[in-house]
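Report on the structure
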Amino acid sequence: MFKDKEKFKKRFNERFVSMHGKALSEATENDVYQTLAYMVREYVTSDWMHTKETYIHKKSKQVYYFSLEFLLGRFLYNNLLSLDVLEEVREGLEELGYDLADLTEEEPEPGLGNGGLGRLAACFLDSLAALGLPGHGNGIRYQYGLFKQKIIDGYQVELPDNWLKNGNMWEIRRPDKAVDIPFGGHVWLEEVDGGYRVHHEPAEIVRAVPYDMPIVGYQNGVVNNLRLWSAESPYDDDELLHQHSGNYKDLLAHKQSIQTISEFLYPDDTTYEGKVLRLKQQYFFVAAGLRSILLSHKKRNASFKQLGNQIAIHINDTHPVVAIPELMRILIDEEGYEWEEAWRITKSVMSFTNHTLLAEALERWPVDLFRNLLPRIYQIVEEINRRFCQDVLDNYPHLASHMQEIAIIADERINMANLAVVGTHSTNGVAQIHTEILKQREMRLFYEMFPLRFNNKTNGITHRRWFLLSNPQLANRVTEAIGDSWINHPSDLQKLTKWSEDRQLQQDIKQIKLENKQELARLIEAETGITVDPYSIFDVQVKRLHAYKRQLLNALHIHSLYYRLKEDKSFKMTPRTFIFGAKAAPGYHYAKEVIRYINALAKLINSDPEVSPYMKVVFLENYRVSLAEKIFPASDVSEQISTASYEASGTGNMKFMMNGALTIGTLDGANIEIRDEVEDANIFIFGLTPQEVMNYKKYGGYNAYDQYSSQPELRRIVDSLVDGSLFPVGEFQAIYDSLITYNDEYLILKDFQSYQQAQERIDRTYQNPEKWYQMVIVNIGKSGVFSSDRTIKEYANAIWNIKPVQV
Ligand SMILES: *Cc1c(COP(=O)(O)O)cnc(C)c1O
């Protein structure tokens, strides 16, 4: 249908009329988008069904990726590319008088995640389908995605992201596959011939209704499934009215309270807000996912004995860890397995990824809260804990004195990370250094008990969305140089490195970068009114706002340049545009203050005629996948400046590298592996090493005040946050206090000078375009290993034991 342009135009017209009940001449852009998206979705349906049938027919082992977040981004372009009809559709639409690029902007963006963790889940789904691997997603269909950010007078303001208001063209609601999930109430055991039967009288039953979205493989006929669950009342309105004694208001309140379960995505790093609801969300999507997987398993298999050979369930961070006791419950209470057998099966099915070392992100549920909401699951967790502690006493007596630390239940809390390691056959970190720190520090005692369970899987990104799709000019030029084998084998990008000295290639990449920067400059002008120079260095830091990511270090450096330009007439710098994008969790006051500080610097600098010819500062609001797709291709410098040992991996660093930006970074997360690939000559490394940072944290000895008082330039900058010389008196007191009063937890002052020197190296290198673009080419050439295809192959082979299927 799409390959034949005339046929496509005719079908498009018919579809439009039947969907919208009016003539195409009366169409809005949104009407046209909806029609096109609907046609694409319709077009994938047969491959979608066929893929499912093939997996069943071939009895393929399938993996289910359980994640509370999927930061998907838009689908239209991606699906047109995967179906290999992008050019045909572009031309067909043009003849109908529409611009495809404009239409894609009409697609509401499923922002069902906070940042890297959710984006990783989305990249993994893309790679699974592209590699023909039977792998699906399981999550929540939040009615509201991550908040929409506006910047008003320098402040972050949050607005709800009502992404479903015009409908979602990519999903299919499947009420026939709904399952009911019980919460609360009480549990009792009935003795029946020597054994027990478990009864659970729940206080509330919630119906989980699945919405399926197709995940289209890259030009291979494979379409996997992303199943997202929505919470509804299980009763029809007549029943409900009866239950509420005819009180219509109570009925509505009841419905409303159930729907809140799938209403909002929680920003991950706010504190205790909505704790019960959050646990409810976790059990809701986990229990629904397991029920639907096991129902289809039971249709074809008599027993669960070999479940681990037929399905794998992956637990993305601690949020879905209740899957472990829930599977135990099903095997024991519903299927009648003995504990030991159920435990063997459960561990063979489940695997776990740890994503962070930050204490604030490690989930520990208060026992009362957990027991009240999930009474039967709590009993099972208790028994898992009892047996685990016994195992420690029997087999690892030297660890007995550390029981508080390794027990699953301790201090009236359930430690979900401990449960995850104990109840799975694999625990992995997301970059080499992160996995090493897990083994040597956070989970040292577990590593001693289960050394074979721990492994590393360095994160990756899909080079299809983040390069082929978002930077087509550069992708074409790369193909011209080395052929197109890199599209299916991203490690072939390596071939580019032997052209790194080629003047023509350097020139062409420089030109493409310039055009991408011109396009971003237009967007910046349209969104902020700020005019930026595309010939300046585009220096970019885009990621969630968090103290450990140290946007503040970047801001303090900008502040230092401001003073130098104002006061040192001999000071010269290559013009730079500093670009930021970052959302702060709504309850995270410090992060919001840093946003305000960056915006205050922007106002000061951009309006100063002495300074603004050399530098501009831009804060782009509402950082999200679709904006990211426009930023990476236009970046020269990638800011990856977290305090060493705090960033588990980072994936933004990989997107920049692939798009030909050079990294200024600490030896942290995957920066280390990027450095290993490109070598020191092709990256700007600065700052404390992870070991030095960890020594400070362990033994103390860091004094921020010494840093401040011994560096006059730095002292002046820090003072000006509060002394009234640049901003009103006390304006950035919270930031000042974080640095001085609270001893600079993230060692910003300590790394300042080394960062400044690395920035000076960048300035000098950029003056020599041949050198700069030689480095750029090496970076692009070495980026193939950071494709999520490589990561997913490692998971498939070493953790899930799944094989590609010919569809
Ligand atoms: C890649 C990505 C991230 C992760 O960025 P890091 O720099 O690794 O923290 C966050 N948000 C969006 C929208 C992304 O595309």
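Residues numbered from 1 in each chain as written. Predicted model: local features only at pLDDT ≥ 70, side-chain atom pairs only at ≥ 80, totals over all residues. Heavy atoms only, no water.

For the rest of this paragraph, the subject is the packing of helix α23 (residues 551–567) against helix α24 (residues 589–606). Direction vectors running N to C along α23 and α24 enclose 20°, while the axes themselves pass 10 Å from each other. On the basis of their axis angle, the class for α23 and α24 is roughly parallel. For the element pair α23 and α24, the recorded crossing hand is left-handed. Each of Q551, L552, A555, L556, I558, H559 and Y562 in α23 lies in contact with α24, whose residues at this interface are Y590, V594, Y597, I598, L601, L604 and I605. When the residues that make up the contact of α23 with α24 are grouped by side-chain class, the tally is 12 nonpolar, two polar and no charged. (Axes fitted to C-alpha atoms, helices over the stretch in contact; angles between N-to-C directions. Helix = DSSP H or I, 4+ residues; strand = E, 2+ residues; numbered from the N terminus. Parallel < 35°, antiparallel > 145°, perpendicular 65-115°, else oblique. Left-handed = near helix turned anticlockwise from the far one by under 90°. Contact = heavy atoms within 4.5 Å. Nonpolar A, V, L, I, M, F, W, Y, C, P; charged D, E, K, R; others polar.)

Our next topic: the site of the ligand. K543, K549, T651, G652 and K655 are the nearest of the 13 residues found near the ligand. Taking K655, its side chain carries an N or O atom lying 2.7 Å from an oxygen atom of the ligand. Protein contact buries 95% of the 390 Å² of open area that the ligand shows by itself. (Near = heavy atom within 4 Å. Polar contact = N/O pair within 3.5 Å; in protein donor to acceptor, adjacent residues only side chain to side chain. Areas by Shrake-Rupley, 256 points an atom, 1.4 Å probe, with all protein chains shown as cover.)

Right, let's talk about helix α20 (residues 472–482) for a bit. Among the residues of α20, those classed as buried are L474, A475, R477, V478 and I482. For α20, the angular spread of buried residues about the axis comes to 165°, placing them on one side. Turned more than 90 degrees away from the buried face of α20 sit N476 and E480, all of them exposed. Check the buried side of α20 and you find it contacts α19 (463–469), α21 (485–488), α22 (503–528), α26 (652–658) and α33 (769–781). Of the residues trailing α20, G483 is marked for its positive phi of about 80°. (Buried < 20%, exposed > 50% of the residue type's maximum accessible area, 1.4 Å probe, protein only. Arc of directions from axis to C-beta.)

So, on to the pattern of salt bridges. Should their charged atoms come close, side chains of opposite charge can pair. In total, this model carries 56 salt bridges according to the counting rule given. Among the ionic pairs, E629 bridges to R465, the shortest N-O distance being 2.8 Å. Taken together, the positions of E629 in helix α25 (residues 625–631) and R465 in helix α19 put the pair 164 residues apart, joining distant regions of the chain. Neither residue differs from the other here; E629 and R465 are each classed as buried. Across the salt bridge formed by E647 and K549, the nearest N and O atoms sit 3.0 Å from each other. Residue E647 is located in the loop between β23 (637–640) and α26, and its partner K549 is located in the loop between β20 (537–542) and α23; the two are separated by 98 residues in the primary sequence. Grouping residues by exposure puts E647 and K549 together as buried. (Salt bridge = Lys/Arg side-chain N within 4 Å of Asp/Glu carboxyl O.)

Applying the stated criterion across every chain yields a total of four cavities of 30 Å³ or more. Here the largest cavity is characterised by a volume of approximately 110 Å³. Counting residues per element, the ones that place at least two in the lining of the largest cavity are α3 (76–82), α6 (116–130) and β11 (204–216). Examining the composition of the lining of the largest cavity, we find that four residues originate from one element, α6, more than from any other. Tallied by class, the residues present in the lining of the largest cavity amount to six nonpolar, two polar and three charged. (1 Å grid on protein atoms, 1.4 Å probe; cavity = no way out; pocket = protein on both sides within 12 Å on 5 of 7 lines; lining within 4 Å. Points joined across faces, edges and corners; volume = space filled by probe spheres on them.)

Note on soluble globular proteins: their nonpolar side chains tend to be buried together. L36, F284, F370, Y597, L739 and W800 are the most contacted members of the largest nonpolar core, which has 273 residues in total. Leaving out residues up to four positions away in the same chain, L739 has contacts with L552, L556, A704, V718, L721, D744, I748 and L749. (Core = buried A, V, L, I, M, F, W, Y, C linked by side-chain atoms within 4.5 Å.)

This brings us to the packing of aromatic side chains. Counting across every chain of the model gives 27 aromatic pairs. On the basis of an interplanar angle of 55° and a centroid distance of 5.8 Å, the ring pair of Y562 and Y563 is categorised as tilted. Each member of the pair, Y562 as well as Y563, carries the same accessibility label: buried. The interplanar angle of 90° and the centroid separation of 5.2 Å between the aromatic rings of F727 and F732 together place this pair among those described as edge-to-face. Its relative accessible area of 1% is what places F732 among the buried residues. Members of the aromatic cluster, each reached through a chain of ring pairs, are F2, F8, F12 and Y43. The aromatic ring of F450 is capped on one face by R453, whose charged end is 3.8 Å from the ring centroid. (Phe/Tyr/Trp six-rings, centres within 6.5 Å; stacked < 30°, edge-to-face > 60°. Lys NZ or Arg CZ within 6 Å of the ring centre and 35° of its normal.)

It is worth spelling out the UniProt feature "modified residue: N6-(pyridoxal phosphate)lysine" (unreviewed entry) in the chain at this point. The UniProt feature table records "modified residue: N6-(pyridoxal phosphate)lysine" (unreviewed entry) at K655. Along the polypeptide, K655 turns up in helix α26. Excluding anything up to four places from it in sequence, K655 contacts R119, I461, W466 and F632. (UniProt positions renumbered as here; feature names shortened; annotations may be inferred.)

On to the sheet that holds strand β25 (residues 684–685), then. The strand order across the open sheet built from six strands is β22-β21-β20-β23-β24-β25, with neighbouring strands paired in parallel fashion. The open sheet has two edge strands with one neighbour each: β22 (615–619) and β25. Sitting on the sheet, α23 touches β20, β21 (576–581), β22 and β23, and the angle it makes with β21 is about 155°. (Pairing = 2+ DSSP bridges.)

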